[in-house]
Amino acid sequence: MRSENIIVQKYGGSSVANIERIKRVARRVVLYKTKGHDLVVVVSALGDTTDELLELAYGISKMPPERELDMLMSTGEQVSAALLAMAIHKLGYEAISFTGAQAGIITDGVHTKARIIDMGTDRIHKELESGKIVIIAGFQGINVDQEITTLGRGGSDITAVALAKVLNAGMCEIYTDVEGVYTSDPRVVKDARKLDQISYEEMHELASAGAQVMQARSIEAASKYNVPLHIRSSFSYKEGTYITKEAKSMENVLISGVTVNKNEAKITICDVPDKPGVAAKIFKAIAKENINVDMIIQNVSRTAKGKAKKALSTDLSFTVPGGDLLKTMKVTRAIAKEARAGGVIQNNNIAKVSVVGVGMRSHSGVAARMFDVLAKARVNIEMISTSEIKISCVVLRKHADKAVIALHKEFELGKKK
């Protein structure tokens, strides 16, 4: 049973980017406290701190040890948590800041992409019962070997959702620098429209396809445990977008959003022997390194160059997050050599453009319209993948914004006049 009195709030990096914004967040948190709510607040690192820390790390090494990356990256959120607690104290209210470990967040042993396996709430409940506002550093936890771990890019979202679940919170509010979930990125599409509500399923597809409002894993967890979510701006008091279970009325909307992910890279292994077990060997090696593969395409078999006519081979292409490109190339080159494949080619100048909508289940022709629009915009499609409610195309990065604008117009997602 939900405790409507408990509210979990998460503030992203832009919401706590400087002292003035931290003070603004403190005033908002205190306002909730004065209305009788118990507050658990999750914070991200200040502004661009995460990127700055990564730049320092990669200035030392192109492939820094992942354990040390976690040690470094976890510091950003701890700074935010302590400063926000200080700002709340300044307003005359009691607050206490915790690291992920102090809050009882236990993870598996995978560095930089850990998953939460357990959460202790005794300490949090104790502080809430004493009247304090609890501030928790997002994005981090500790594993059974007492090593600091981080939860992947956008990991503060999963921290907030997990806390809302174990605390049975009445609401999990995700604060960002936009007023909710839009039909597309308003910085790219000028007439993008804010959605009042969207289903967990659609939001998960949008997030996995590149929408940066929330981390995809956090949406998956919220859906699994039916955690109520409200995406809103920390710069206004307007209502944002509620993420809910799928409603029948949503099926009348063909497409809910168009999104783009420019942080993708494509890898092609040439002349892969076309025989059972080779693809499994390749992707097992990649999975062992905790690298998430997105789209996969295998070309039609052909006679391998310079080999006997009976020796068939194929080219195998797949996409991975841009940040995993170097690690993936290292693994792929080794396994390609072992499998007696040809060369390995990389392309990090790509983007994934997607259209998402539960209405696609009951309407045909969306793919044809999408491909037609891209053809008219002279945007070449390199790879295609589909799900029940999503169609994604890999295009050159320089054509990505043009493709998004054209698709947004085609499916009439703009602001109502």
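Residue numbers run consecutively from 1 along every chain, following the written order of its sequence. Owing to the predicted nature of the model, reporting of local features is limited to residues with pLDDT of at least 70; listing and counting of side-chain atom pairs is limited to 80 or more, with chain, interface and lining totals taken over all residues. By convention in this description, side-chain values take in all heavy atoms of the structure and omit both hydrogens and water.

Draft legend 1. A look at the overall build of the chain. Along the chain, the regular secondary structure elements total eleven helices and 19 strands. Taken against the 2.2 N^0.38 rule, which gives 22 Å for 417 residues, the C-alpha radius of gyration of the chain at 23 Å falls within 12% of a compact globule. Its C-alpha atoms put the chain at 80 × 55 × 40 Å along the principal axes. Every one of the 417 residues in the chain was classed for burial, and the buried ones make up 51%. Throughout, a residue-residue contact means that at least one pair of heavy atoms, one from each residue, lies within 4.5 Å. Counting contacts in the chain only where the partners sit at least 6 residues apart, residues at least 24 apart contribute 76% of the total. Areas reported as accessible are Shrake-Rupley estimates using a 1.4 Å probe. Residue values count occlusion only from the protein chains shown. Surface exposure of the chain reaches about 19900 Å², of which carbon and sulfur atoms provide 51%. Lys and Arg are tallied as positive, Asp and Glu as negative. Neither His nor the chain termini are counted. A single reference atom marks each charge: NZ on Lys, CZ on Arg, CG on Asp, CD on Glu. Each charge class in the chain was averaged separately, 58 positive and 47 negative side chains, and the resulting centres sit 5 Å apart. The way it works is that DSSP assigns letters per residue, a run of H or I at least four long becomes a helix, a run of E at least two long becomes a strand, and they are numbered from the N terminus. Each radius of gyration reported is based on C-alpha atoms, and the globular scaling rule is 2.2 Å times the count of residues to the power 0.38. Throughout this description, buried means an accessible area under 20% of the type-specific maximum (1.4 Å probe, protein chains only), exposed means over 50%, and partly exposed covers the range between.

Draft legend 2. Spotlight on the UniProt feature "binding site: ATP" (unreviewed entry) in the chain. UniProt positions are given in the numbering used here, feature names are shortened, and annotations may be inferred rather than shown by experiment. This chain's UniProt record puts "binding site: ATP" (unreviewed entry) on Lys10, Tyr11, Gly12, Gly13, Thr176, Asp177, Tyr182 and Arg187. The largest pairwise C-alpha distance within this set of annotated residues, which runs over 178 residues, is 22.8 Å, so the set is dispersed in three dimensions. Of note, Asp177 is situated in the loop between β9 (169–176) and β10 (197–199). Residue class for Asp177 comes out partly exposed when judged on its relative accessible area of 45%. Only 3.2 Å separates the side chain of Asp177 from the side chain of Thr176, close enough to count as a polar contact. The definition of a polar contact used here is a pair of N or O atoms within 3.5 Å, where within protein one atom must be able to donate a hydrogen and the other to accept one, and adjacent residues in sequence count solely through side-chain atom pairs.

Draft legend 3. Main features of the UniProt feature "binding site: substrate" (unreviewed entry) in the chain. With numbering aligned to this structure, UniProt lists the feature "binding site: substrate" (unreviewed entry) at Thr50 and Glu77. The annotated residues occupy 28 residues of the chain but converge on a single region, no pair of C-alpha atoms lying more than 8.9 Å apart. Tracing the backbone shows Thr50 in helix α2 (residues 49–60). For Thr50, a relative accessible area of 16% translates into the label buried. Once residues within four sequence positions are removed from consideration, Thr50 is found in contact with Ala45, Met73, Glu77 and Arg153. Inspection of the secondary structure puts Glu77 in helix α3 (residues 66–90). A distance of 3.2 Å separates the side chain of Glu77 from the backbone nitrogen of Ala45, its partner in a polar contact.

Draft legend 4. Local environment of the sheet that holds strand β8 (residues 148–150). At least two bridges found by DSSP between two strands is the condition for calling them paired. Pairing in this open sheet of four strands is mixed, and the strands run β5-β4-β7-β8 from one edge to the other. In this open sheet, the two edge strands, each paired with only one partner strand, are β5 (116–119) and β8. Each adjacent strand pair in this sheet contributes to an overall mean axis angle of 45°, direction not counted. Of the pairings in the sheet, the one linking strand β4 (residues 105–107) to β5 comprises three bridges and is antiparallel in character. Bridge pairing links Thr107 to Ile116 in β5. Orientation is described by lines fitted to C-alpha atoms, with helices fitted over the stretch in contact, and by angles between N-to-C directions that extend from 0 to 180 degrees. α3 contacts β7 (140–143) and β8 of the sheet and is inclined by roughly 75° relative to β8. Each of β4, β5 and β7 is contacted by helix α5 (residues 155–166), which is oriented at about 40° to β5, the strand it contacts most.

Draft legend 5. Spatial organisation of the sheet that holds strand β11 (residues 229–233). Taken together, the eight strands give an open sheet; going across it, the order is β3-β6-β2-β1-β9-β11-β12-β10, and neighbouring strands pair in mixed fashion. Edge positions in the sheet fall to β3 (95–98) and β10, since each has one partner strand and no second. Across the sheet, the mean angle from the axis of one strand to that of its neighbour is 20°, orientation sign disregarded. Both strand β1 (residues 3–11) and strand β2 (residues 38–43) contribute to a ladder of six bridges, which runs parallel. When the sheet's bridge partners are listed, Gln9 is paired in β2 with Val41. Packing against the sheet, helix α1 (residues 19–34) makes contact with β1, β2, β6 (133–137), β9 and β11, and its axis sits at approximately 175° to β1.

Draft legend 6. Spotlight on the environment of Lys281. Tracing the chain through its elements places Lys281 in helix α8 (residues 278–288). On the basis of relative accessible area, Lys281 is assigned to the partly exposed category, the value being 41%. Ignoring sequence-local partners within four residues, the contact set of Lys281 consists of Ile335 and Glu338.

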